[in-house]
Amino acid sequence: MLLPSIFAIVMGLALIIGDWFQFTTLKPWACRYGCPLARRRDVVPKPKEAFPRLFKTNSTLPLPHGVARWVADRQAIVIRPYYQMFSLRFRTAWPLKGTIDYHFQDDQLELHLAKRTPWSSAVLTLVWLLFVIGGTLGFVVMYTMDGGFGTVGGLFWAVGMIALGLLVLAGGVILLAFAYRLEDSRLMQVYQELLGALQPSTSGQVSQGDE
């Protein structure tokens, strides 16, 4: 049993590492890789410079807080914040990157931003939530079938266990909300920097917000 367990752990770690590698890379084949979480639509004036002149080195555009890459054959732009291994900034297990599908319309540029997170982060988070919710509900059902609510002591003990499960669930949801707001602010900072590079004056921007 020990050897299969070790093999399963190694395979799981390899899948997570491979997932994060595909998520963080700026290679064209991985521009739309990741679990989509939210979408945003914006319309800005058409850039005065062509994309090949804006995205010079390897079709990339360095930004103050991130990097953008133009994928010409897929008509998309990929953005992500800088990921530094030994950064003093707090990092979470739910990083975000953006895939921007663009369309030229006369003198305007229409942008469709999709915010993405690694598939492993999304799947493990969903499994954890289902485990906590399922475990709490399963406890209530089994405890009821065993007659645990028949005594005052058993009733108080069951209420305490249910409260503990709800507390764990609430703490996880708060953590997820905090992590998303933090990573979303970092991604949107890079997105606004890209808009500034595309159009030095973005006063004419028409933003539709998140979908």
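Note that this is a predicted model, so its numbers are computed, not measured.

**As for the overall build of the chain**
Then step 1. In terms of helices and strands, the chain carries four helices and seven strands.
Then step 2. Reading the secondary structure of the chain in the N-to-C direction produces α-β-α-β-β-β-β-β-α-α-β.
Then step 3. For the chain, the C-alpha radius of gyration of 23 Å lies well beyond 17 Å, the compact-globule estimate for 211 residues.
Then step 4. Projected onto its principal axes, the C-alpha coordinates of the chain cover approximately 75 × 45 × 30 Å.
Then step 5. Per-residue burial for the chain yields a buried fraction of 36% across its 211 residues.
Then step 6. Contacts spanning at least 24 positions in sequence make up 66% of the contacts within the chain whose residues lie at least 6 apart.
Then step 7. Approximately 12800 Å² of the chain is accessible, and the part contributed by carbon and sulfur atoms is 69%.
Then step 8. Of the charged side chains in the chain, 19 are positive and 14 negative; the average position of the first set lies 7 Å away from that of the second.

**Some points on unusual backbone geometry**
Then step 1. Positioned with a positive phi, S59 is a non-glycine residue whose angle comes to about 60°.
Then step 2. Structurally, S59 can be placed in the loop between α2 (51-54) and β2 (60-63).
Then step 3. On the basis of relative accessibility, which here comes to 25%, the residue S59 falls in the partly exposed class.
Then step 4. One non-glycine residue with positive phi stands out, namely Q75, at about 50°.

**Overview of the pattern of salt bridges**
Then step 1. Summed over the entire model, instances satisfying the criterion amount to five salt bridges.
Then step 2. In this structure, D101 engages R32 in a salt bridge whose closest nitrogen and oxygen atoms are separated by 2.3 Å. Residue D101 is located in strand β5 (residues 97-105), and its partner R32 is located in the loop between α1 (2-24) and β1 (35-45); the two are separated by 69 residues in the primary sequence.
Then step 3. Accessibility expressed as a relative area gives 33% for R32, which makes it partly exposed.
Then step 4. Note that D184 and K115 form a salt bridge whose closest N and O atoms lie 2.7 Å from each other. In this pair, D184 sits in helix α4 (residues 152-198) while K115 sits in strand β6 (residues 108-117), placing the two residues 69 residues apart along the sequence.
Then step 5. By relative accessible area, K115 is classed as buried at 1%.

**Some words on the side chain of D184**
Then step 1. Taking relative accessible area as the criterion, D184 reaches 16% and is therefore assigned buried.
Then step 2. Filtering out sequence-adjacent residues up to four positions away, D184 remains in contact with L96 and K115.

**Brief notes about the pairing of strand β3 (residues 66-71)**
Then step 1. Burial of β3 is extensive: six of the six residues sit out of reach of the surface.
Then step 2. The side-chain alternation of β3 yields two buried faces, one formed by G66, A68 and W70 and the other by V67, R69 and V71.
Then step 3. Here β2 folds back onto β3, and the loop between the two strands holds two residues.
Then step 4. Two strands pair when backbone bridges link them, and β3 and strand β4 (residues 76-81) are joined in this way by six bridges, in the antiparallel orientation. Looking across to β4, one finds that G66 is bridged to P81.
Then step 5. Counted along the chain from β3 to the antiparallel partner β4, the turn is four residues long, and its residue Q75 has a positive phi close to 50°.

**Some thoughts on the pairing of β6**
A regular strand places its side chains so that they alternate between the two faces of the sheet.
Then step 1. By the criterion of burial, β6 is predominantly enclosed, with eight of the 10 residues buried.
Then step 2. Across 10 bridges, the pairing between β1 and β6 is antiparallel. Residue pairing in the sheet places D42 in a bridge with L111 of β6.
Then step 3. In terms of strand pairing, β5 meets β6 through nine bridges, oriented antiparallel. Among the inter-strand pairings, I100 is bridged to a residue of β6, identified as L113.
Then step 4. Taken together, β5 and the strand that follows it, β6, pair antiparallel across an intervening segment of two residues, in which D106 is found at a positive phi of about 55°.

**Re the confidence of the model for the chain**
Close inspection of predicted coordinates is inappropriate in any region flagged by low pLDDT.
Then step 1. Per-residue confidence for the chain gives a mean pLDDT of 86, with 91% of residues at or over 70.
Then step 2. Here residues 202-206 is modelled with pLDDT under 50, and outside its nearest four sequence neighbours on either side it reaches 12 contacts, counting other chains as well.

Definitions and limits used
Residues numbered from 1 in each chain as written. Predicted model: local features only at pLDDT ≥ 70, side-chain atom pairs only at ≥ 80, totals over all residues. Heavy atoms only, no water. Helix = DSSP H or I, 4+ residues; strand = E, 2+ residues; numbered from the N terminus. Rg over C-alpha atoms; globule rule 2.2 N^0.38 Å. Buried < 20%, exposed > 50% of the residue type's maximum accessible area, 1.4 Å probe, protein only. Contact = heavy atoms within 4.5 Å. Areas by Shrake-Rupley, 256 points an atom, 1.4 Å probe, with all protein chains shown as cover. Lys, Arg positive; Asp, Glu negative; His and termini not counted. Charge placed at Lys NZ, Arg CZ, Asp CG, Glu CD. Salt bridge = Lys/Arg side-chain N within 4 Å of Asp/Glu carboxyl O. Pairing = 2+ DSSP bridges. pLDDT = per-residue confidence, 0-100.

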